[in-house]
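Observations on the three-dimensional arrangement
Residue-level listing of the chains:
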Amino acid sequence: MPNHATKTALIAAIDTMRNTRPLVQCLTNNVVTQVTANVLLAAGATPAMCDTPEESAAFASVASGVLINPGTPSAEQYAGMRQAILGANSVGTPWVLDPVAAGALPHRTAFSREILAYRPAAIRGNASEIAALAGVGAGGRGVDATDEVEATIPAARDLAAQTGGVVAISGAQDVIVSTRRVTRLVSGHPMMQLVIGTGCSLGALVAAYLGAHRTAVASRDAFDLHDAVVAAHAHSGAAGMVAAQRASAPGSFAVAWIDALYQLTSERIAELVTIEEE
Amino acid sequence: MPNHATKTALIAAIDTMRNTRPLVQCLTNNVVTQVTANVLLAAGATPAMCDTPEESAAFASVASGVLINPGTPSAEQYAGMRQAILGANSVGTPWVLDPVAAGALPHRTAFSREILAYRPAAIRGNASEIAALAGVGAGGRGVDATDEVEATIPAARDLAAQTGGVVAISGAQDVIVSTRRVTRLVSGHPMMQLVIGTGCSLGALVAAYLGAHRTAVASRDAFDLHDAVVAAHAHSGAAGMVAAQRASAPGSFAVAWIDALYQLTSERIAELVTIEEE
Amino acid sequence: MPNHATKTALIAAIDTMRNTRPLVQCLTNNVVTQVTANVLLAAGATPAMCDTPEESAAFASVASGVLINPGTPSAEQYAGMRQAILGANSVGTPWVLDPVAAGALPHRTAFSREILAYRPAAIRGNASEIAALAGVGAGGRGVDATDEVEATIPAARDLAAQTGGVVAISGAQDVIVSTRRVTRLVSGHPMMQLVIGTGCSLGALVAAYLGAHRTAVASRDAFDLHDAVVAAHAHSGAAGMVAAQRASAPGSFAVAWIDALYQLTSERIAELVTIEEE
């Protein structure tokens, strides 16, 4: 696919997401709930952090997309996550797995592997998490990518084949993998790693973009699920590039990043990022 | 009541709240704990997020006011909420119900209706939540007001009659309803909807203002509980108006809003907002 | 010890912490998780909020330092805290106790006293919390220091003798006490009390600095555990002093404080603070 077509799809995905304001149900860790909600609002989506076993399934059946991020998983939230996945799958709501610290902690690694069978529409993690989820690599010490992104592409291909979904390896360069495409995206800024929630909220943005694709039947020819995952990464990363022009320390950078998620037009995002199709 | 009297009461309420620094116990959802605490501190109150079943009742008996916001209600937090209400009522601490997503989710709707019998001193929600709590209206899809504020006034009157408390319908225009008064307040800015916690923290501010009324026996003639609820909305809304003059995107808007909650004098708040008594 | 030596140790501690990027496991209250993570990242450490009973012990055995802050303690988090302490002690990971609201709430006071037997490497609290933990003083109403810092030094000495660790009394002037030294530190700004998490994140910074000491064997002669606790307070307090020069309201102050935690060199921190050795 030529890059021109990819950028056209990118712009279509961003415009569609903002026009449809997808309702994103986030079952996520208690460190990033606030920033994740603010990211979704600034980007153009609607957050809802409904995560109890009693309510998760029903909510997932009306949400546009669902995020499963077991970063601080209580027993009750694990139960809520299982319910949300069942509710999502019962009606075809796309759900995203962010396997935080997979490989580093056996309990949550086992959970993330177990729910793979329920076919997440997308998986987003750093290289060590993706490798661990696929059953290869030594894993990291928690949240830092220790394996190289490129070396993880075979593991991502395996996960894509196993689930039928899109797999994103986040890093200095993001690689988005599905059964028929590999896309490399250069965007973002190193200071994003000094702001908590830039990675976790990206998982929520992926759910928003997948939800936009599902909701906007009329726009479905303009971009596919792979493009939707690329768009989430490009939106977040381009905002990081703009924030780095405005701020040189993480407190003000975080504010500028949220501002840019809101202010950047789809055309400007497409100009800022570099996309390469394999 | 003439508007002149209302504004005098507004100024008295704000000054009293800041002079008494009410201790507000928040049993609230895990998305907004941080921003709620920062809002209370900036406005002039003292936050405490004590919400376990073992501690909630004792704390509520010494707090100035209590907020019950079942936005992400774990089983343990539900138990803590019931304890807090009992502790509050045992000594007359005013408590506020913010029925997040009532109508959209049956489990929490049932909880919010059940605790109505314990007579919250105030209820704060958007139009669809207030309608659902009163048993009318179809409810929204979670957090957005889908019914019109004006159409919800009869439901608010019902709730006020049932509980003896003040009922606030938040929206582009807020309407505060009690058995003998209806007050319309114009303040705020649409960008507040793009910052998570502006609504939830308003429930905490209502608890702060009610607590200030209870604590400041000497000032009680200067404003009543209805005025206290109006003051909470005016304080938050006026800060939003100032923030919109300083910022045009949600990241910097959120910072400017917290700043303005701290900086605005009571007189300036009274100048900024428009109040109409029915 | 002359102040010259103290400042040399301070600079060594800060440089070592930033060079080693200690991994700090925080079992903390759900109000401050986000700001605590951002403080650690800006200061130069790596946060991880792993707190479940299943994962806490294993994680504590690989972490550089552990924070135990029972500010909103669910039953499951209490269990996670006990596991984390066992895991930390099994390999010698230093852990920090922040006894939030000890004295004000019996349940958590009992918990904090119970875990004293497991010998925290440091305890950090305000005067009323330290007094209550030592079994003296009337305690405060939750989060404000009501006893004087100076009057609490004997209680801190008792706790230091009992645990073998360092005890920090935070206030307008901080006092750091161990069995052989008493250090008074003047830094910070009153506006820090209007930003939630400035105190709780200081407990996390103490864990980071203790972890840096343990990890950096080659630097261990340059500073000891007492110096490490002083350095955590100096780093946070100096950043508050800079923030107060840049901002005059709590929203923008919070942003400037995070920025300064990142930007300040160790030499500049040593210039800004006043340290007095007894």
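A few points on the structure. Counting restarts for each chain, with residues numbered from 1 along the sequence as it is written. Whichever chain is written first is A, and whichever ligand is written first is 1; the rest continue in order. Confidence filtering applies because this is a predicted model: local features only for residues at pLDDT of at least 70, side-chain atom pairs given and counted only at 80 or more, and all residues used for totals across whole chains, interfaces and linings. As a rule here, side-chain values cover all heavy atoms of the structure and leave hydrogens and water aside.

**Quick look at the environment of A212(A)**
Residue and element names in this part refer to chain A. Each helix corresponds to a stretch of at least 4 residues labelled H or I by DSSP, and each strand to a stretch of at least 2 residues labelled E; elements are numbered beginning at the N terminus. With respect to the secondary-structure elements, A212 resides in helix α8 (residues 198-215). Residue exposure (1.4 Å probe, protein chains only): buried if accessible area is under 20% of the type maximum, exposed if over 50%, otherwise partly exposed. Relative accessible area serves as the criterion here: at 0%, A212 is assigned to the buried category. Once the C-alpha coordinates of A212 and V24 are considered, the two residues, 188 residues apart in sequence, prove to be 9.9 Å apart.

**Concerning the interface of chain A and chain C**
What makes two residues a contact is simply this: any of their non-hydrogen atoms within 4.5 Å. Listed as interface residues are 26 residues of chain A and, on the opposing side, 23 residues of chain C. The quantity reported as buried area is the accessible area (1.4 Å probe) lost by two parts once they are put together, taken as the sum for both. Here chain A packs against chain C, burying approximately 2100 Å² in sum over the two surfaces, 61% of which is carbon and sulfur. What makes a salt bridge here is a side-chain nitrogen of Lys or Arg within 4 Å of a carboxyl oxygen of Asp or Glu, nothing more. There are one salt bridge connecting chain A and chain C. Two residues, R108(A) and E55(C), come together in a salt bridge whose shortest N-O distance is 2.5 Å.

**Some words on the pairing of strand β5 (residues 122-126) of chain C**
Residues and elements named next belong to chain C. Burial within β5 is extensive, with five of its five residues counted as buried. Burial of the side chains of β5 extends over both faces: A122, R124 and N126 are buried on one face and I123 and G125 on the other. Note: two strands are recorded as paired if DSSP finds a minimum of 2 bridges between them. Where strand β4 (residues 95-97) and β5 come together, two bridges link them in parallel fashion. Residue pairing across strands places V96 opposite A122, the latter belonging to β5. With five bridges connecting them, β5 and strand β6 (residues 166-170) associate as parallel partners. Residue A122 lies in a different strand from β6, and its bridge partner there is V166.

**Some remarks on the relation of the copies chain A and chain C**
Aligned on chain C, chain A shows an RMSD of 0.0 Å; the corresponding rotation is 120° and the shift along the axis is 0.0 Å. Taken together, the rotation and translation relating the two chain copies correspond to the operation of a three-fold axis. No C-alpha of chain A approaches the rotation axis more nearly than that of N30(A), which lies at 3.9 Å. A distinct binding surface is used by each copy, with only 8% of the interface residues of chain A retained as interface residues in chain C. Least-squares superposition of the copies uses the C-alpha atoms of those residues scoring a pLDDT of at least 70 in each of them.

**Looking at the sheet that holds strand β2 (residues 46-48) of chain B**
All names here are of chain B. Ordered in space as β2-β1-β3-β4-β5-β6-β7-β8-β9, the nine strands form an open sheet in which the pairing is mixed. Of all strands in the sheet, those bounded by a partner on one side alone are β2 and β9 (274-277). On average, each strand axis in the sheet is inclined to that of its neighbour by 20°, with strand direction left out of account. As judged from the three bridges shared by strand β3 (residues 65-68) and strand β4 (residues 95-97), these two strands associate in the parallel manner. Considered in β4, the bridge of L67 is made with V96. Simply put, an axis is a line fit to the C-alpha atoms, just over the touching stretch for a helix, and the angle between two N-to-C directions goes from 0 to 180 degrees.

**A look at the sheet that holds β5(C)**
All names here are of chain C. Taken together, the nine strands give an open sheet; going across it, the order is β2-β1-β3-β4-β5-β6-β7-β8-β9, and neighbouring strands pair in mixed fashion. In this open sheet, the two strands that pair with only one neighbour each are β2 (46-48) and β9 (274-277). This sheet shows a mean twist of 20° between the axes of neighbouring strands, independent of strand direction. Of the pairings in the sheet, the one linking strand β7 (residues 173-177) to strand β8 (residues 182-186) comprises five bridges and is antiparallel in character. Residue pairing across strands places V175 opposite R184, the latter belonging to β8.

**Remarks on the state of the cysteines**
Two cysteine sulfurs form what is called a disulfide whenever their separation falls within 2.5 Å. Under the criterion given, the structure shown has zero disulfides over all chains. The thiol sulfur of C200(A) is not disulfide-bonded, and the nearest other cysteine sulfur, from C26(A), lies at 10 Å. By relative accessible area, which is 15% here, C200(A) ends up buried. Not part of a disulfide, C50(C) finds its nearest cysteine sulfur in C26(C), a span of 11 Å.

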